[in-house]
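# Working through the structure, step by step
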Amino acid sequence: MTGPKGSLTVEPIRTDVAYQECINADCGARFDVGEPLFECPRCGDLLDVRYDWDRAVLPRRLEDFEEKWSVPGDPLTFSGVWQYHELLPFAPPQHVVTVGEGKTVFQQADRVAPYARMNRGRLFLQYEGMNPSGSFKDNGMTAAFTHARLVGATRAVCASTGNTSASVAMYAAVDGRIPAIVLVGSGRIAYGKLAQALDYGVRMVEVQGDFDTCMRRVKQVASELGIYLMNSLNPFRLEGQKTIMYRVIEGLLWDVPDWLVVPGGNLGNSSAFGKAFKELHEAGLIRRMPRLAVIVADGADTLYRIVNEERLAWNGGRVDDDRIAAFYKQMDREGRRARTVASAIEINRPVNLKKCLRSLEWTGGLVEKVSDQEILDAKAHIGAGGFGCEPASAATVAGVRKLRQAGTIGPDERVACVLTGHPLKDPNITVAYHTMDEQAIGEKYADYSFYAAPHANRPIPVEDDLDKIIHAIQS
Ligand code: F0G
């Protein structure tokens with residue numbers, strides 16, 4: 001059955017070796033796997049699925065499964081980031097800190113396409129919420145922790161709207177050699193993310209203020225105490241995040257999409273993605289560049305204003321710093337602060353602004369903005385198409401819908417949206433949207449402008465009465 005190197009045979013797997021069996025020794029009744037039974041029809045006890053192992057096709061040794069997938073213990077195949085180490089060759093393989101990040105899902109999303117006004121087979125979703133800490137951040141954090149080890153860092157710190165803190169906390173916990181501190185705005189981060197960071201045992205400092213306050217402070221803390229900075233200011237993080245694009249290209253059988261759509265917050269991803277494509281293009285590994293569409297929230301629209309209203313651009317590396325400073329000054333004078341249900345991207349002063357402008361120039365990219373309502377409606381459609389995402393990620397599909405309506409994106413172009421975070425990162429907002437339940441909405445969301453749309457999937461309350469339950473199911 002196995003070859004000389006122990007490889008698995010190509011014999012088809014036999015499914016006729018499986019059957020159902022009652023767990024009750026006095027009964028032991030057997031049934032076909034094709035029967036939908038759920039309990040033993042003879043005695044009412046539980047059923048097992050059993051196999052006739054003598055007739056099944058098994059490898060000789062469990063190790064033979066390595067031939068089928070990545071090699072455990074080898075970071076260069078185990079990780080969806082380091083499998084592309086040739087494209088981020090800054091650290092020797094033995095230094096790599098990995099938890100097997102980047103093994104994410106690329107899906108042709110035909111069930112979501114109509115909502116995005118795209119034709120069948122033209123919308124693709126890259127589910128980065130499938131990472132170990134539930135967001136794309138792990139792609140960057142494996143690279144940053146690897147670099148931190150390389151330079152002998154003894155502590156790490158970050159500011160966060162939630163996901164960075166969860167990811168930093170997870171890597172610090174797994175690695176065990178670089179304890180971490182995270183700064184979060186008090187009451188500003190979604191519960192899923194807060195829960196993770198607390199569970200991973202990180203030292204969490206809740207600063208009175210928002211993300212921008214934390215970002216300003218974390219830079220001071222890092223330089224004052226000499227602590228390694230894990231925010232996307234750190235260029236090594238962005239190297240890891242480039243691999244999200246390699247996986248999109250891999251998903252398209254080594255072709256590039258026409259559009260790459262990403263939510264914009266601190267603008268690390270958009271910066272990394274532009275760099276990824278530029279490098280591949282310069283190396284002759286891709287023949288054309290996709291266009292980047294960065295989608296921001298109406299309530300956190302710094303990038304939109306800077307690009308579409310102020311008309312600021314990369315300008316070959318000579319960005320007009322004075323105009324950016326004047327823009328921020330005006331923002332402060334008006335007391336304008338970011339506010340959106342997509343708390344992950346509730347950011348006023350994105351630190352990677354200039355690199356993002358560079359990516360926009362390299363890719364002929366653009367910036368669009370969407371409302372909280374559009375974000376949550378798109379999120380419901382993404383969820384109903386399978387897997388799901390957190391609000392910030394859904395800005396992508398909402399953005400595609402808007403850009404389709406404007407005719408900027410054609411219905412037959414190939415569009416890949418990066419879904420940056422897992423749906424369970426922010427369960428409160430999802431329950432609030434579907435139920436408009438006041439408890440779920442709570443104080444946190446009370447002042448946001450969204451309502452339960454027709455896309456809401458309302459639970460049906462019903463008494464404990466079989467007729468009424470059946471009526472609720474059938475009506
Ligand atoms: N989507 C999610 C789920 C995020 O957590 C973030 C950023 C973004 C999008 C924006 O990405 O910064 O590369 O433009 N979250 C950061 C954090 C700021 O602290 O977790 P970006």
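Up top is the structure.
Not measured: the values here are computed from a predicted model. (Residues numbered from 1 in each chain as written. Predicted model: local features only at pLDDT ≥ 70, side-chain atom pairs only at ≥ 80, totals over all residues. Heavy atoms only, no water.)

For the rest of this paragraph, the subject is helix α11 (residues 372–384). Since there are 3.6 residues in each turn of an α-helix, residues three or four apart along the chain are aligned in direction. For α11, spanning 13 residues, the distance from its first C-alpha to its last is 18 Å, which sits close to the expected 18 Å at 1.5 Å a residue. Along α11, the residues that are buried comprise D372, Q373, I375, L376, D377, A378, K379, A380 and I382. Turning to α11, the residues buried within the fold contact β5 (123–127), β11 (291–297), β12 (366–370), α12 (391–405), β13 (415–419) and α13 (427–435). Phi for G386, located one or two positions after α11, is positive at around 110°. (Helix = DSSP H or I, 4+ residues; strand = E, 2+ residues; numbered from the N terminus. Expected span 1.5 Å × (residues − 1). Buried < 20%, exposed > 50% of the residue type's maximum accessible area, 1.4 Å probe, protein only. Contact = heavy atoms within 4.5 Å.)

It is worth spelling out the site of the ligand at this point. Near the ligand, the surroundings consist of 21 residues, among which T161, G265, N266, L267 and T420 are the closest. A distance of 2.7 Å separates an oxygen atom of the ligand from a polar backbone atom of G265. A distance of 2.7 Å is found between an oxygen atom of the ligand and a backbone nitrogen or oxygen belonging to N266. Expressed as a share of its isolated accessible area of 470 Å², the protein-covered part of the ligand is 99%. Those elements giving two or more residues to the shell around the ligand turn out to be α3 (163–175) and α7 (268–282). Class assignment for the residues of the shell around the ligand results in seven nonpolar, twelve polar and two charged. (Near = heavy atom within 4 Å. Polar contact = N/O pair within 3.5 Å; in protein donor to acceptor, adjacent residues only side chain to side chain. Areas by Shrake-Rupley, 256 points an atom, 1.4 Å probe, with all protein chains shown as cover. Nonpolar A, V, L, I, M, F, W, Y, C, P; charged D, E, K, R; others polar.)

Here we come to the side chain of R358. For R358, the position within the fold is in helix α10 (residues 353–363). For the buried R358, no salt bridge exists, and the shortest N-O distance to an oppositely charged side chain is 7.5 Å, to E279. (Lys, Arg positive; Asp, Glu negative; His and termini not counted. Salt bridge = Lys/Arg side-chain N within 4 Å of Asp/Glu carboxyl O.)

The next thing to look at is the pattern of salt bridges. Pairing between side chains of opposite charge can happen when the charged atoms of each approach one another. As enumerated under the stated definition, the model contains 28 salt bridges in all. Salt-bridge contacts for R120 lead to D110; the nearest nitrogen and oxygen are separated by 3.5 Å. In this pair, R120 is assigned in the loop between β4 (105–108) and β5 and D110 in the loop between β4 and β5, connecting sequence segments ten residues apart. According to the relative accessible area criterion, R120 is exposed, its value standing at 67%.

The buried count for β13 comes to five of five residues, which makes it a mostly enclosed element. Here β13 shows no split at all, with V415, C417 and L419 on one side and A416 and V418 on the other all buried. Of the pairings in the sheet, the one linking β5 to β13 comprises five bridges and is parallel in character. Across the sheet, Q126 pairs through a bridge with V418, a residue of β13. Looking at chain direction, strand β10 (residues 259–263) and β13 are connected through three bridges and run parallel. Across the sheet, W259 pairs through a bridge with V415, a residue of β13. (Pairing = 2+ DSSP bridges.)

Geometric values such as these leave the question of function open.
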